[in-house]
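# Structural characterization, general
Each chain is listed here by its residues.
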Amino acid sequence: MKIAVLVSGGGTNLQALIDYEKSHADCPYSIGLVISSTKNAFSLERAEKAGIPSVIKSPFAVLGKEKAQSMSREEKNIAVSDAILAECKAQGIEAIVLAGYLSVLTGRIIEEYKNKIINLHPALLPKFGGVGMWGHNVHEAVLAAGEKESGCTVHYVDGGCDTGKIIVQKRVPVMPGDTVDTLYARIAPEEHKAIVEGTIEMCRKKGRK
């Protein structure tokens, strides 16, 4: 399957997907496009080094600065989501992987790619999901709640926020004295495994239909 990987930052999970594809002749996916929500994401350099086309789909890039500043967050999310949908269709993308993508996909793209969009979340859903639960915010909430374990989840994207069917989860212990940074450092390697496993499962499931 030809996939698009959506990113916002450094792209270590994108790199895990790139490395797996390059090292496995039987890999069931091919990364055909990287889409970034920010123009300065290091993920774009990773894509360029791997020879993967990339585009930026931020509110400013899609709408222009003046128009974007006059719109609500929901309006901007819809506009960006529609622009991503158009780009994916134009590039023949069959499935979408959100690998550290910090914006919200909404509108027609959810239906057009039903059961063909997956997301990586840095906690054990259904706990610590929903609006505002991303990145270090999640790890802070886990520590504040006194949880004994945390981890990451790959799930299908539906119309809700972190509510889709779970594909794979990886668990790690929360250790006494953990900080946000030490907990993240323990989870990050598991994210790299989970994003690859989740992508493979999505591709193979579609192939069985």
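Now for a description of the structure that goes with this document.

The rules we used
- Residues numbered from 1 in each chain as written.
- Predicted model: local features only at pLDDT ≥ 70, side-chain atom pairs only at ≥ 80, totals over all residues.
- Heavy atoms only, no water.
- Pairing = 2+ DSSP bridges.
- Helix = DSSP H or I, 4+ residues; strand = E, 2+ residues; numbered from the N terminus.
- Axes fitted to C-alpha atoms, helices over the stretch in contact; angles between N-to-C directions.
- Contact = heavy atoms within 4.5 Å.
- Expected span 1.5 Å × (residues − 1).
- Buried < 20%, exposed > 50% of the residue type's maximum accessible area, 1.4 Å probe, protein only.
- Arc of directions from axis to C-beta.
- Core = buried A, V, L, I, M, F, W, Y, C linked by side-chain atoms within 4.5 Å.
- Salt bridge = Lys/Arg side-chain N within 4 Å of Asp/Glu carboxyl O.

## What to know about the sheet that holds strand S1 (residues 2-7)
- Spatial ordering of the open sheet is given by S3-S2-S1-S4-S5-S6-S7, a layout of 7 strands whose pairing is mixed. Taken across any chain shown, the strands that pair with only one partner, and hence form the sheet edges, are strand S3 (54-56) and strand S7 (166-173). Here the average twist between neighbouring strands, direction ignored, is 20°.
- In this structure, strand S2 (residues 30-36) lies alongside S3, joined through 3 bridges in parallel fashion. If you follow Val 34 over to S3, its bridge partner there is Ser 54.
- The strands that helix H5 (residues 73-90) touches are S1, S2, S3 and strand S4 (95-98); relative to S2, the one it contacts most, it runs at about 155°.

## Brief notes about H5
- For H5, which comprises 18 residues, the first-to-last C-alpha distance of 26 Å matches the rise-based estimate of 26 Å (1.5 Å per residue) to within 8%.
- For H5, the set of buried residues is Ala 79, Val 80, Ser 81, Ala 83, Ile 84, Leu 85, Glu 87 and Cys 88.
- A positive phi of about 70° marks Gly 92, the residue just after H5.

## Considerations on helix H7 (residues 136-144)
- Within the span of H7, buried status applies to Val 138, His 139 and Val 142. Buried residues in H7, looked at end-on, bunch into an arc of 95°, giving them a common side.
- Following H7 by one or two positions, Gly 146 adopts a phi angle in the positive range, close to 70°.

## Quick look at the nonpolar core
- In terms of nonpolar packing, the biggest core is built from 38 residues, with Ile 3, Tyr 29 and Ile 31 touching the most fellow members.
- By size, the runner-up hydrophobic cluster in this structure holds 18 residues, among which are Leu 33, Leu 98, Ile 109 and Tyr 113.

## Structural notes on the pattern of salt bridges
- This model, assessed by the stated rule, comprises 8 salt bridges.
- With a closest N to O distance of 3.0 Å, Glu 147 and Lys 127 form a salt bridge. Taken together, the residues Glu 147 in the loop between H7 and strand S6 (149-156) and Lys 127 in the loop between strand S5 (117-121) and H7 connect sequence positions 20 residues apart.
- One salt bridge connects Glu 197 with Lys 170, and the closest N-O pair in it is separated by 2.9 Å. Highlighted residues: Glu 197 in helix H8 (residues 180-208) and Lys 170 in strand S7, separated in sequence by 27 residues.
- A relative accessible area of 17% places Lys 170 in the buried class.

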